[in-house]
Amino acid sequence: MDPLSPKPPEESDGGHRRRPRYKGKNPRRFEDKYKEHDPLRYPELIERVRGRGATPAGQHIPILAEEILAVLDPKPGERGVDATLGYGGHAARFLARLSPGGQLLALDCDSIELPKTEARLRHAGHGESEFLVRRTNFASLARTLGEVGWHDGVDFLLADLGLSSMQIDDPARGFTFKQAGPLDMRMNRRRGLSAAQLLAHVSEPDLATLLERNADEIRAPLLARELCARRGTLSSTVDLARAVRDALAGTCTEPEADQSVRRVFQALRIEVNDEFGALERLLEQVPDCLRSRGRVALLSFHSGEDRRIKQAFQRHLSQGRLGVVGEAVIRVSAMERRSNPRSASAKLRWAARS
Ligand SMILES: C[S@@+](CC[C@H](N)C(=O)[O-])C[C@H]1O[C@@H](n2cnc3c(N)ncnc32)[C@H](O)[C@@H]1O
């Protein structure tokens, strides 16, 4: 078993498998929430968690789902790509619209979550002929389309950027500062350096630059100096959060320090996964991957992503590679924000070929 993956919901006890006790009404630890991890068996509990405006452990609530369906307008017989499958919430809606005769190609670079989502959607009846799944980075979209034989492109494409709730909530992945875990942060565990390895090697000026560039961290030089001074001691999420708070002690309020912790985690995650590089490569390929009248929607969660999307769409429009670009950014309604607070910062942009 991967030592970094969460404990299975059942514990082995000398050959006798015993279910752990459900710890209180609302267990706090991700790995203790085995009922939430089993939504088919405990649907009422899932409803209750959702009713509190929370995301059940091991799930992801699709954001702006109706708005995305409205702009992408998948139709029976069409071909589409979900470049960021995640939990499959958007993909399931696309598949329902594509039948009969349509096909969806779903991509995700996460080798831990992708097989679970694929299994769930296959179990829901989506066979290989209508639902194709590839574990790959969307930065190689054109090559992946070629590999599945879709050389003339697709009718629609969605990329819902960033992390899924399953990734954020699982402390073993190292994305959250709220729980102790290894400082990993790789979406694709098979590639690249973990955040701990990055921090062990990065120079102070490079760290300051990436904190500023990836998360607009206002105290980047100070934090870079302090984090580099602790080089070699930052191997867990709590080590890093504590180091940031210690560095800022006496210079700002506690809520301001919390914001810096959040931004440091965001900046490192973006760097570890080369998120801006992958997005730029995807954006460059989008027009050539769309069929005539093909539609694209991109859902982003911070200004660094949104700025790149806006600029790429405008550039493609001025070069005639896209025919129309949605004028205004689409935001979540107050109701969606209440029922899923994680949707609050989402921005949806869309465009289409002539
Ligand atoms: C916000 S979640 C998508 C949620 C999904 N729309 C749903 O309804 O469940 C983003 C997903 O994209 C994946 N991802 C992020 N960057 C990627 C990239 N460059 N290539 C492929 N997958 C990526 C992540 O692993 C994650 O599963």
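Computed from a prediction, not measured in an experiment: that's the story for all the values here. (Residues numbered from 1 in each chain as written. Predicted model: local features only at pLDDT ≥ 70, side-chain atom pairs only at ≥ 80, totals over all residues.)

### Some thoughts on the overall build of the protein
Here is the rule: Strands are runs of DSSP state E lasting at least 2 residues, helices are runs of H or I lasting at least 4, and numbering of each runs from the N terminus. With the radius of gyration taken over C-alpha atoms, the globule rule is written as 2.2 Å times the number of residues to the power 0.38. Two residues qualify as a contact pair if the distance between their C-beta atoms, derived from the backbone, is within 7 Å.
Regarding its fold elements, the protein presents 14 helices and ten strands. Relative to the 2.2 N^0.38 estimate, which gives 20 Å for 354 residues, the radius of gyration of the protein is 21 Å and therefore close to what a compact globule would have. By its C-alpha atoms, the protein is 55 × 55 × 40 Å across when sized along the principal axes. Long-range pairs, those at least 24 residues apart, make up 69% of the contacts in the protein with a sequence separation of at least 6.

### Focus: the site of the ligand
In plain terms, the rule: Here is the check we use: build the C-beta atom from the backbone, and if it is within 6 Å of the molecule or strand, call the residue near.
Taken together, 22 residues sit near the ligand, with Pro-62, Thr-84, Gly-86, Tyr-87 and Gly-89 positioned nearest. Listing elements by their share of the shell around the ligand, those giving two or more residues are α3 (89-98) and β4 (103-108).

### Here's the deal with the pairing of strand β7 (residues 290-300)
Filter applied, for reference: Here the C-beta atoms are placed from the backbone, and a residue counts as buried if at least 20 other C-beta atoms lie within 10 Å of its own, exposed if 12 or fewer do, and partly exposed otherwise. A pair of strands is treated as paired once DSSP finds two or more bridges between them.
Counting buried positions along β7 gives eight out of eleven residues, so the element sits mostly inside the fold. Pairing between strand β6 (residues 154-160) and β7: six bridges, direction parallel. Looking at β7, one finds that Ala-159 is bridged to Leu-298. Summarising the sheet, β7 and strand β10 (residues 347-352) pair through six bridges and their orientation is antiparallel. Directly across from Leu-298, in β10, lies its bridge partner Arg-349.

### Notes on the nonpolar core
Formally: Buried Ala, Val, Leu, Ile, Met, Phe, Trp, Tyr and Cys residues form a nonpolar core when they are connected through C-beta atoms within 7 Å.
Within the largest apolar cluster, 48 residues are counted, with the highest numbers of intra-cluster contacts made by Ala-83, Leu-157 and Ala-297. Phe-175, Ala-208, Leu-240 and Ala-267 belong to the second largest nonpolar core, which has 32 residues in total.

### What about the packing of helix α8 (residues 204-215) against helix α11 (residues 254-272)?
Where we set the bar: What counts as an axis is a line fitted to C-alpha atoms, over the stretch in contact for a helix, and the angles between N-to-C directions run from 0 to 180 degrees. For classification, angles of less than 35 degrees are called roughly parallel, those exceeding 145 degrees roughly antiparallel, those between 65 and 115 degrees roughly perpendicular, and all remaining angles oblique. Lys, Arg, Asp and Glu make up the charged group, whereas Ala, Val, Leu, Ile, Met, Phe, Trp, Tyr, Cys and Pro make up the nonpolar group; the residues left over, Gly among them, are polar.
Two numbers describe how α8 lies on α11: the axes approach to 8 Å, and their chain directions differ by 95°. Judged by the angle between their axes, α8 and α11 are roughly perpendicular. Here Leu-210, Leu-211, Asn-214 and Ala-215 of α8 lie close against α11, whose contacting residues are Arg-263, Val-264, Gln-266, Ala-267, Ile-270 and Glu-271. For the contact of α8 with α11, the per-class residue count stands at six nonpolar, two polar and two charged.

### A closer look at the environment of Gly-250
Relative to the assigned elements, Gly-250 resides in the loop between α10 (237-248) and α11. Overall, Gly-250 belongs to the exposed group, with 4 C-beta atoms counted inside 10 Å.

### Some thoughts on the confidence of the model for the protein
We count it as follows: A residue's pLDDT is the predictor's confidence in that residue, given on a scale from 0 to 100.
Looking at the protein as a whole, its pLDDT mean stands at 91, while 93% of the residues score no less than 70. Throughout residues 1-17 the model reports pLDDT below 50, and contacts reaching past four residues in sequence, or to other chains, amount to 18 contacts.

### A short note on the domain arrangement of the protein
Heads up, the rule is: Residue ranges assigned to each domain were obtained from an automatic or database domain assignment.
Here the protein is partitioned into domain 1 (23-59), domain 2 (65-165 + 276-352) and domain 3 (189-272). Here the C-alpha centre of domain 2 lies 28 Å away from the C-alpha centre of domain 1.

### Focus: unusual backbone geometry
A cis geometry characterises the amide bond from Ser-99 onward to Pro-100, with omega recorded as 5°. A positive phi angle, near 45°, is found at Asp-73, a position not held by glycine. Turning to its location among the elements, Asp-73 is positioned in the loop between α2 (65-72) and β3 (79-82).

### Some details on the packing of helix α12 (residues 275-289) against helix α13 (residues 303-318)
To describe two helices that pack against each other, one gives the angle between their axes and the distance between the axes. Convention followed: A crossing counts as left-handed when the near helix is turned anticlockwise from the far one by less than a right angle, and as right-handed when that turn is clockwise.
The interhelical angle for the contact between α12 and α13, taken along N-to-C directions, is 20°, at an axis separation of 10 Å. The angle between α12 and α13 places the two elements in the roughly parallel class. The chirality of how α12 crosses α13 is right-handed. Between α12 and α13, the contacting residues are Phe-276, Leu-279, Glu-280, Leu-283 and Pro-287 on the first element and Gly-304, Glu-305, Arg-308, Ile-309, Ala-312 and His-316 on the second. Of the residues in the contact of α12 with α13, the class split is six nonpolar, two polar and three charged.

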